[in-house]
Amino acid sequence: MEWHPDEPGLQQVLQLLKDSQSPNTVTQRAVQQKLEQLNQFPDFNNYLIFVLTRLKTEDEPTRSLSGLILKNNVKAHYQNFPPTVADFIKQECLNNIGDTSPLIRATIGILITTIASKGELQTWPELLPQLCNLLNSEDYNTCEGSFGALQKICEDSTELLDSDALNRPLNIMIPKFLQFFKHCSPKIRSHAVACVNQFIIGRAQALMDNIDTFIESLFALAADEDCEVRKNVCRALVMLLEVRIDRLIPHMHSIIQYMLQRTQDPDENVALEACEFWLTLAEQPICKEMLSGHLMQLIPILVNGMKYSEIDIILLKGDVEEDEAVPDSDQDIKPRFHRSRTVTLQHEGGGGEQVDDDDDDDDDDNTLSDWNLRKCSAAALDVLANVFRDELLPHLLPLLKGLLFHPDWVVKESGILVLGAIAEGCMQGMVPYLPELIPHLIQCLCDKKALVRSIACWTLSRYAHWVVSQPPDSYLKPLMTELLKRILDGNKRVQEAACSAFATLEEEACTELVPYLSFILDTLVFAFGKYQHKNLLILYDAIGTLADSVGHHLNQPEYIQKLMPPLIAKWNELKDEDKDLFPLLECLSSVATALQSGFLPYCEPVYQRCVTLVQKTLAQAMMYNQHPDQYEAPDKDFMIVALDLLSGLAEGLGGSVEQLVARSNIMTLLFQCMQDTMPEVRQSSFALLGDLTKACFLHVKPCIAEFMPILGLNLNPEFISVCNNATWAIGEISMQMGAEMQPYVGMVLPHLVEIINRPNTPKTLLENTAITIGRLGFVCPQEVAPQLQHFIRPWCTSLRNIRDNEEKDSAFRGICVMIGVNPAGVVQDFIFFCDAVASWVNPKEDLREMFYKILHGFKDQVGEENWQQFSEQFPPLLKERLSACYGV
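Below: a short report on this structure. (Residues numbered from 1 in each chain as written. Predicted model: local features only at pLDDT ≥ 70, side-chain atom pairs only at ≥ 80, totals over all residues. Heavy atoms only, no water.)

Considering the overall build of the chain
- Across its full length, the chain carries 51 helices and 0 strands.
- Overall, the chain is about 100 × 70 × 65 Å in size when its C-alpha atoms are taken along their principal axes.
- Out of the 888 residues in the chain, the part that is buried amounts to 56%.
- Carbon and sulfur atoms make up 52% of the accessible area of the chain, which amounts to about 38,700 Å² in all.
- Side-chain charges of the chain comprise 72 positive and 119 negative groups, with the mean position of each set lying 1 Å from the other. (Helix = DSSP H or I, 4+ residues; strand = E, 2+ residues; numbered from the N terminus. Buried < 20%, exposed > 50% of the residue type's maximum accessible area, 1.4 Å probe, protein only. Areas by Shrake-Rupley, 256 points an atom, 1.4 Å probe, with all protein chains shown as cover. Lys, Arg positive; Asp, Glu negative; His and termini not counted. Charge placed at Lys NZ, Arg CZ, Asp CG, Glu CD.)

Written out as structure tokens, the structure reads:
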């Protein structure tokens, strides 16, 4: 029995489809209610497919909409469709895939892939064979419609198609698709390439078996007149570069020639796909030998691609010079992610270990966050500069001069971007030109075009390291003066670029900025009153970075008087639910750590609010876990940022935080946070636990019996940062507990020994693990020393590069005490111990004494002759240091 609609029912559905195209919100709400009612009738979906496939009298948008509503129903409750309804829909789809309208064909294709992805590929066995069969149809529409549907299925079910579950249909499909590369219609050639492309990255076996045919067929399409086909050919070659470079190498010369042409394709989408080729090639080990001979052609093409296109300039409002009074709309503001605290150690010759920063955007126009040819060209030039280093410059320098001084601002702007893109890779070779270039760039900060001013900010920040290495009056002072003016620019994009550039300059210059603090703070505080929403968030970052960079130098009454009132005013203005609290809390955390006692007058309300934020988030999480249908999941970032600011307070205020802790339930809250399911919450909890242990152990001590098992459970290197902070906290607790740590050694030591011996453990985690093992051994030598031979070698190698400091001091005391208890444990690896001792610049007198005793004890025990033989293995520098410092 063929199903037929009932006329009044059909009219009702059509009326609903018409209403749902109305812009009126009241009508829209009524439509939603009506839809929910109609969904109670099983054959409502039959009406929807009927309108889509059979009702040719209706207009196309209405028919397509009917199909899209049906698609949403399939997504939501396909498992409840009666079999007769499901079969009717599937039959109608296959019978009408060749509809004369491209819109209707596409809608049917979407519907088919939605049904297929509901687990129906297995239970609709005739689908793929029928679609593949329809490709042979003489009728263009049928062939195109079936290909469109197949392309969507290939995108949505890539893995399933290449599995045994379906009896490997690709063995038939891929050779079939390859035949269509030669089809007379460009749309169909394009579908065919796009279908095969889905299977490159996953290395589908059926494609690997036909790889040479595929590559030949791509070459045959190289000069296709259709831009969609050319784009798909470029995309295929870029993916093959990652997956089967071995098959491309024999043809690489001609592929490179082809990609040079395509990167200049008149169609920007093709040019962008082709430009990705250089980015991908740069990551391959063979890049250098393959590209060396082509740089002369490639560099000018990439540089040319770095100009703003006319459409970019319109979208970026490049002709609007002053917009600082225009409020930001919410969608202008990208979500920010808080980076939780990770405890790191200071290294020789530099600050703490920097966590990899991905903030270094190779461009400054992030509001146009769509990837485009300009960004791709700049990124490619950046990675190639890192591969070829100064070999790139002979091809670039002749171009650069023409660009940087060009009368057309668009060209000049692209030259400044080029200069910034090569900064990292070609720094050595650029140094001779910088005394002339930096002043020119500083001048560009005053250019009349806002887009030139903003890119100059970014490029100068890429050379900040060099600027800071020169006498301050030459470049640092003029750069800082101009950048501070740009922070107060009338254009929002320039404000943003200047603020970010200034933050980079602060990180590089550190205490070099101290003489100018008053001037810097005046500017940053003035910006507070001037900035719109989005840039305010970047300003917080610049202030926080300033505090990190100058540290306790900020603790002067006149500076505090300038800085704190506007920060506290913002703090009072923001509600607990406002996400703008994140950057403000991060900023205050840096400020509190820098100001130390200077922050005391402000600490009480800040502390209380952080505790409240943690408490609220925990309560909301509990409600959500008990009744997920009634409550929303909380945004745990509020809790993470609050825990991190509490850490900043504990670190900055030290013992003064004790009364605040005494008057709050923070230890109870911390107990819950340490067991949270979200790793970032645990990470921040352990950082705070360590900081509270240092600042006011009397409040931590009563909880140790409950806390230690949780710390032991978190010594899991799968979560690097959680494990790192838990390890550090255990070390701090050991130093406070002393011999009372003994009952807990068994809970943590086996994990620590395992971590220090794991291959590929990140340096920061190794260092913290070594420090904590040393500290545990210092307070409980009898328990830890028997394990000495299992960790002494990695222990010594991981601490040799750490600066002399308190943590290193306590850890080395621990090792010395343990060697006293178990000297045999160190014999096999004594040379490593010697090397670690030699890494000290000036140990405290009693520690030096301990080293002296161990070295001489070992020498006396083995005898002069053996010692001579032993010390022959030492590198000359080590020999020299030991003999000079310890007389061995």
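Quick word on unusual backbone geometry
- For Q596, which is not a glycine, the phi torsion comes out positive at approximately 50°.
- Tracing the backbone through its elements, the reader meets Q596 in the loop between α33 (581-595) and α34 (600-626).
- With relative accessibility at 37%, the residue Q596 sits in the partly exposed group.
- Even without glycine at this site, N760 takes up a positive phi of about 60°.

Brief notes about the nonpolar core
- Ranked by size, the top nonpolar core spans 321 residues in total, and within it F214, W278, F599 and W795 carry the most contacts.
- Among the elements that make up this core, the one with the highest residue count is helix α35 (residues 637-653) (11 residues).
- Setting aside chain neighbours within four positions, we find F214 in contact with L178, F181, V196, N197, I200, L207, A236 and L240. (Core = buried A, V, L, I, M, F, W, Y, C linked by side-chain atoms within 4.5 Å. Contact = heavy atoms within 4.5 Å.)

Points about the side chain of D637
- With respect to the helices and strands, D637 occurs in helix α35.
- Discounting residues that sit within four places of it in the chain, D637 has contacts with F582 and M678.

Quick word on helix α45 (residues 788-799)
- Over its 12 residues, α45 runs 16 Å from end to end, which matches the ideal 16 Å to within 8%, given 1.5 Å per residue.
- Taken together, the buried positions of α45 are L788, F791, I792, P794, W795, C796, S798 and L799.
- In this structure, the buried side of α45 is in contact with α42 (745-756), α43 (763-779), α44 (781-784), α46 (806-821), α47 (824-827) and α48 (830-838). (Expected span 1.5 Å × (residues − 1).)

Considerations on the state of the cysteines
- As enumerated under the stated definition, the model contains 0 disulfides in all.
- Cysteine C234 is unpaired, with the sulfur of C275 as its nearest cysteine sulfur at 11 Å.
- Its relative accessible area of 0% is what places C234 among the buried residues. (Disulfide = S-S within 2.5 Å.)

What to know about a negative patch on the surface
- A surface patch of like charges, here negative, comprises E507, E508, D541 and D548.
- Every element with two or more residues in the negative patch is listed here: α29 (492-509) and α31 (533-550).
- Following the sequence through the fold, E507 ends up in helix α29. (Patch = residues over 30% accessible without salt bridge, like charges linked within 9 Å, V, L, I, M, F, W, Y side chains within 5 Å. Salt bridge = Lys/Arg side-chain N within 4 Å of Asp/Glu carboxyl O.)

Quick word on the pattern of salt bridges
- Per the counting criterion, the structure on display carries 47 salt bridges.
- As a salt-bridge pair, K56 and D99 come within 3.3 Å of each other at their nearest N and O atoms. Residue K56 is located in the loop between α3 (44-53) and α4 (60-77), and its partner D99 is located in the loop between α5 (83-96) and α6 (102-123); the two are separated by 43 residues in the primary sequence.
- The exposure class of D99 is buried, given its relative accessible area of 5%.
- Notably, a salt bridge pairs E413 with R374, separated by 2.8 Å at the nearest N-O pair.

Description of the environment of R462
- Topologically, R462 is positioned in helix α26 (residues 450-462).
- As a C-alpha pair, R462 and A501 span 39 residues in sequence and 8.3 Å in three-dimensional space.
- Side-chain polar atoms of R462 contact the backbone oxygen of A421, separated by 3.5 Å. (Polar contact = N/O pair within 3.5 Å; in protein donor to acceptor, adjacent residues only side chain to side chain.)

Here we look at the packing of helix α19 (residues 295-305) against helix α22 (residues 393-404)
- Where α19 meets α22, the closest approach of the two axes is 9 Å, and the angle between their N-to-C directions is 30°. Considering the angle they form, α19 stands roughly parallel to α22. Considering how the two elements wind past one another, α19 and α22 form a crossing that is right-handed. Residues L295, M296, I299, P300 and V303 of α19 lie in contact with α22, whose contacting residues are H395, L396, L399 and L403.
- When grouped by side-chain class, the residues that make up the contact of α19 with α22 number 8 nonpolar, 1 polar and no charged. (Axes fitted to C-alpha atoms, helices over the stretch in contact; angles between N-to-C directions. Parallel < 35°, antiparallel > 145°, perpendicular 65-115°, else oblique. Left-handed = near helix turned anticlockwise from the far one by under 90°. Nonpolar A, V, L, I, M, F, W, Y, C, P; charged D, E, K, R; others polar.)

Topic: the packing of aromatic side chains
- Scanning the model with the defined rule gives 27 aromatic pairs in all.
- Ring geometry for Y78 versus F81: centroids 5.2 Å apart, planes at 55°, classification tilted.
- You can call Y78 buried: its relative accessible area is 8%.
- Ring geometry for F833 against F851: centres 6.5 Å apart, planes inclined by 80°, an arrangement best described as edge-to-face. Pair noted here: F833 is in helix α48 and F851 is in helix α49 (residues 845-862), with a separation of 18 residues, a long-range link. Side by side, F833 and F851 carry an identical accessibility label, which is buried. (Phe/Tyr/Trp six-rings, centres within 6.5 Å; stacked < 30°, edge-to-face > 60°.)

Structural notes on helix α13 (residues 211-220)
- Every buried residue belonging to α13 is among I211, F214, I215, S217 and L218, and all of these are buried. One side of α13 carries all its buried residues, which in axial view fall inside an arc of 160°. Every exposed residue of α13 that faces more than 90 degrees away from the buried side is listed here: E216 and A220.
- If you follow the buried residues of α13, they end up packed against α10 (170-179), α11 (186-197), α12 (205-209), α14 (227-243) and α15 (245-248). (Arc of directions from axis to C-beta.)

Focus: the environment of R758
- Secondary-structure assignment places R758 in the loop between α42 and α43.
- Note on R758: relative accessible area 36%, which makes it partly exposed.
- Considering only alpha carbons, one finds R758 and H183, 575 residues apart in sequence, at a separation of 56 Å.

Let's talk about the packing of α49 against helix α50 (residues 864-872)
- Running from N to C, α49 and α50 point in directions that differ by 120°, and their axes come no closer than 6 Å. Taking contact as the criterion, the partners of F858, K859 and V862 in α49 are, on α50, E864, N866, W867 and F870.
- Looking at side-chain class alone, the contact of α49 with α50 contains 4 nonpolar, 1 polar and 2 charged residues.

Overview of the environment of V700
- Within the secondary structure, V700 sits in helix α39 (residues 697-700).
- Look at V700 and you get buried, because its relative accessible area is 0%.
- Not counting chain neighbours up to four residues away, the residues in contact with V700 comprise M667, L689, L692 and T693.

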